[in-house]
Amino acid sequence: KNEVEQSPQNLTAQEGEFITINCSYSVGISALHWLQQHPGGGIVSLFMLSSGKKKHGRLIATINIQEKHSSLHITASHPRDSAVYICAVTGNQFYFGTGTSLTVIP
Amino acid sequence: SQTIHQWPATLVQPVGSPLSLECTVEGTSNPNLYWYRQAAGRGLQLLFYSVGIGQISSEVPQNLSASRPQDRQFILSSKKLLLSDSGFYLCAWRGVSLDTQYFGPGTRLTVL
């Protein structure tokens, strides 16, 4: 069993839809990260959070430490949001989820 | 600011050939460095990490090896590539707070 589980694995949405990607983890952590991997492969960090909620533009990330669960929300989705979104946690080392492949259709 | 360089960006190699991927970091000293592999349709897998020159820890037994000849240089090597070595290889370094990790642009390796 992976230390970090994401759902769904694949997601297709129409432009403008509200999107939610979920992440559950089973290890003790000091922080949780949401990463975005573009089709070319490059990875950028979207959020790092250890409690509560963070917002950056149309992206919102929340974490519930007690439930060991985090969600990434995208409001008013756009085709340029199409990417793989990866949840990762920092414990003794970095543990990565397998990613959620998002396709936003115009 | 900190920057990670990886080269080459893409590589196509025959089975049985050697491999050398290089990663260099700028803007920081004595970083913790990491090599990850992402196989098609799978998550990131930690291969090696290094906390200093000449110090290498392996997470997964395989035909790959890593070396750190200089503080900000991390090299991934193989003497004989296998088909299963195909994938996307990412170098990363861990920030001072140890909670943040920064990724290089990656190398896409195809073994034929």
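Here the residue numbers are simple positions, counted from 1 along each chain's written sequence. Key to labels: chains lettered from A, ligands numbered from 1, both in the order written. Given that this is a predicted model, residues contribute local features only at a pLDDT of at least 70 and side-chain atom pairs are listed and counted only at 80 or more, while totals for whole chains, interfaces and linings are drawn from all residues. The side-chain figures draw on all heavy atoms in the structure; neither hydrogens nor water molecules are used.

**Q** Summarise the interface of chain B and chain A; cite the residues concerned and give the values.
**A** Accessible area lost upon the coming together of the parts is a frequently used measure of interface size. Every contact between the two is made by 17 residues of chain B and, on the other side, 20 residues of chain A. Summing both partners gives a buried area of about 1300 Å² for chain B against chain A, and 55% of it is carried by carbon and sulfur. Any N or O atom pair separated by 3.5 Å or less is treated as a polar contact, with the protein-specific requirement of one donor-capable and one acceptor-capable atom, and with residues adjacent in sequence counted only for side-chain atom pairs. In this structure, the connection of chain B to chain A is made through 1 residue pair in polar contact (both at pLDDT 80 or more). Elements are defined by DSSP. Helices are runs of H or I of four residues or more, strands are runs of E of two residues or more, and each kind is numbered from the N terminus. Secondary structure elements with two or more residues in the side of chain B that touches chain A: strand E4 (32-38), strand E5 (44-52), strand E9 (87-94) and strand E10 (101-103) of chain B. Counting residues per element, the side of chain B that touches chain A draws most heavily on E9(B), at 3 residues. Split into classes, the residues belonging to the side of chain B that touches chain A amount to 8 nonpolar, 4 polar and 5 charged. Contact between two residues is taken to exist if any of their heavy atoms lie within 4.5 Å; hydrogens are not considered. Accessible-area loss on putting two parts together, using a 1.4 Å probe and summing over both, is the definition of buried area adopted here. Classes in brief: Ala, Val, Leu, Ile, Met, Phe, Trp, Tyr, Cys and Pro nonpolar; Asp, Glu, Lys and Arg charged; the others, Gly included, polar.

**Q** Can you break down the packing of aromatic side chains residue by residue, with the values?
**A** By convention here, two paired aromatic rings are described through the distance between centres and the angle between planes. Residues and elements named next belong to chain B. Geometry of aromatic contacts follows a simple scheme: Phe, Tyr and Trp rings, the Trp one being its six-membered ring, pair when their centres are within 6.5 Å, and the pair is stacked under 30 degrees between planes, edge-to-face over 60, tilted otherwise. The final tally for this structure, using the stated rule, is 7 aromatic pairs over all chains. Centroid distance Tyr34 to Tyr36: 6.2 Å. Interplanar angle 20°. Geometry classified as stacked. Residues Tyr34 and Tyr36 agree in their burial class; the two are buried. For each residue, the accessible area found with a 1.4 Å probe, counting protein chains only, is set against the maximum for its type, and the residue is called buried under 20%, exposed over 50%, and partly exposed in between.

**Q** I'd like a description of the sheet that holds strand E1 (residues 4-7) of chain A, backed by residues and values.
**A** Residue and element names in this part refer to chain A. Strand order in the open sheet formed by 5 strands is E1-E3-E8-E7-E6, and the pairing between neighbours is antiparallel. The open sheet terminates on both sides in strands that have one partner only, identified here as E1 and strand E6 (52-56). Going across the sheet, the axis of each strand differs from the next one's by a mean of 15°, ignoring polarity. Strand pairing requires that DSSP identify at least two bridges connecting the strands. Think of each axis as a best-fit line through the C-alpha atoms, taken over the contacting stretch in the case of a helix, with angles from 0 to 180 degrees between the N-to-C directions.

**Q** Quick rundown of the confidence of the model for chain A? Include the residues and the values.
**A** It should be kept in mind that the predicted coordinates are not to be read in detail where pLDDT is low. Taken as a whole, chain A shows an average pLDDT of 92; of its residues, 98% reach a score of 70 or greater. Across chain A, strand E8 (residues 69-74) of chain A holds the top mean pLDDT of 98, while strand E10 (residues 94-96) of chain A sits lowest at 84. Confidence per residue, as judged by the predictor, is encoded in pLDDT with a range of 0 to 100.

**Q** Tell me about the state of the cysteines, and name the residues and values.
**A** What we call a disulfide is simply a covalent bond connecting the sulfur atoms of a pair of cysteines. Note that a disulfide, as used here, is simply two cysteine sulfur atoms within 2.5 Å. Per the counting criterion, the structure on display carries 2 disulfides over all chains. There is a disulfide in this structure between A:Cys23 and A:Cys87, and the S-S distance comes to 1.9 Å. Since a negative S-S torsion denotes a left-handed disulfide, the A:Cys23-A:Cys87 link at about -65° is left-handed. On the criterion of sequence distance, the pair formed by A:Cys23 in strand E3 (residues 19-25) and A:Cys87 in strand E9 (residues 83-90) is long-range, its members being 64 residues apart. Neither A:Cys23 nor A:Cys87 differs from the other in exposure class; each is buried. At a sulfur-sulfur separation of 1.9 Å, the disulfide partner of B:Cys23 is B:Cys91. Disulfide B:Cys23-B:Cys91: the torsion about the S-S bond is -65°, which places it as left-handed.

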